Amino acid sequence: MTKHLTVLALVAGLAACEQTHGVTNPTPSLAAALAARAADAGQDASGAVYTLTNQVTGNTVAVFRRAADGTLRAAGSVATGGTGTGAGLGSQSALALSADGRWLFAVNAGSNDVSVLRVDGDAPSLASRTPSGGTGPISLTVHGTLLYVLNAGGAGNITGFTVGPDGAVAPIAGSTRALPGAAVGPAQVAFSPNGRALIVTEKTTNRLDVYRVSEDGVAGSLTSVASAGGTPFGFAAGPRNLLFVSEAAGSASSYVLEDGGDLQVVSGGVLTHQGAPCWAVVTADGRFGYTANAQGGSISGFAVAPNGAITLLDASGATALVGKGATDLALSVDSRFLYDLVGHTIVELRVGADGHLAPVGTVGGLPTGTVGLAAH
């Protein structure tokens, strides 16, 4: 009976992360806090937030300028040249920014390709578009001039590319690697901080895959390990080789990625007490991690110890209430602000010195099916 209940919990968590219905507006408590905020619309923009509309009729990147107080204002959209699916992708990192913020990479899951946008002032522009190396691209990651794409269609694979100084993308010979099995339910691909490894989460098989990356950018030998918690989904890498993973069955775990590519569990399956923690981020200093909880209508904050151990900031697991239906999470480049994509809305939150979150505002008007967040 216990095993049967565990399987049901995993299935429920997975479905909650991939929902395309039941989206709610920000909770009344959040709305009240926002109403009390004195907005200062005259502040200069200091960054940007991007999301992917993922529409069947034509995919676009929606652009929002970030003011010094963390609030966002719509600044138009840029066509990727490809098409989306019109529904959730069940993934993290459908968008990714280069470390210097000059290039934005986007998946086109409907047309099986990826787009590169040049980020220049208020108006990003399309630089290139290339086949993804498979079908159903759902996640991508960039390190220096290397780009890797996670393709979820068919048997699934990861494929590598080089990015030229003009944004042109070229496939790396021998870089395409099949996933460990069919129907593994991949959710995210990301480089380790030093670029020598690629990590992939498998939702349905509850495993984490680590591919070692050679100096010429080719993904090589693979090590797969059992996840410490059920349904590993989104994750983020932090200082000191930290890997912080959200688990849709209701928990989060932390690992240390060793130089040889092995993952060592530090904190395994720490319960959030919130429904479907699916997306994860870590602050730049590695002191705090956050999960977006699709069914809990909340964000869970964690304190991260120097050794990578994680503990909830709040016993309830609800560090902020934002409304049900989250589909991604992103921190500004300075980690001062956290953005949560909740249905048609981006919720804006300020990160306090103690890791707690304060509501700043919301910006809406996004179409159904919008996925992915990237912030600078």
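Quick note: structure is the one above.
Values in this document were obtained by computation on a predicted structure and should not be read as measured data.

Asks: I'd love a proper account of unusual backbone geometry, names of residues and values included.
Replies: If you check the backbone angles, S93 has positive phi at about 75° while not being a glycine. Take S93: it is sitting in the loop between β3 (72-79) and β4 (95-97). Although it is not a glycine, A276 adopts a positive phi angle of roughly 55°. Looking at the secondary structure, you find A276 in the loop between β20 (263-271) and β21 (277-282).

Asks: I'd love a proper account of the sheet that holds strand β29 (residues 357-363), names of residues and values included.
Replies: Spatial ordering of the open sheet is given by β26-β27-β28-β29, a layout of 4 strands whose pairing is antiparallel. Of all the strands in the sheet, the pair left with one neighbour each is β26 (326-331) and β29. Between one strand and the next, the sheet's axes are offset by a mean angle of 20°, whatever the strand orientation. Here strand β28 (residues 345-351) pairs with β29 via 6 bridges, running antiparallel. Pairing of E348 across the sheet is with G361, part of β29.

Asks: How would you summarise the side chain of T71 if you had to cite specific residues and measurements?
Replies: The topology assignment puts T71 in the loop between β2 (60-67) and β3. A distance of 2.6 Å separates polar atoms of two side chains, one belonging to T71 and the other to D69.

Asks: Let's hear about the sheet that holds strand β14 (residues 197-202): which residues, and what values?
Replies: As summarised here, the arrangement of the 4 strands in space is β13-β14-β15-β16, forming an open sheet in which the pairing is antiparallel. The open sheet has two edge strands with one neighbour each: β13 (186-191) and β16 (219-226). This sheet shows a mean twist of 20° between the axes of neighbouring strands, independent of strand direction. Sheet topology note: the β13/β14 ladder contains 5 bridges and is antiparallel. What sits directly across from F191, in β14, is L198.

Procedures and definitions
- Residues numbered from 1 in each chain as written.
- Predicted model: local features only at pLDDT ≥ 70, side-chain atom pairs only at ≥ 80, totals over all residues.
- Heavy atoms only, no water.
- Helix = DSSP H or I, 4+ residues; strand = E, 2+ residues; numbered from the N terminus.
- Pairing = 2+ DSSP bridges.
- Axes fitted to C-alpha atoms, helices over the stretch in contact; angles between N-to-C directions.
- Polar contact = N/O pair within 3.5 Å; in protein donor to acceptor, adjacent residues only side chain to side chain.

All we've got here are geometric facts, nothing functional implied.
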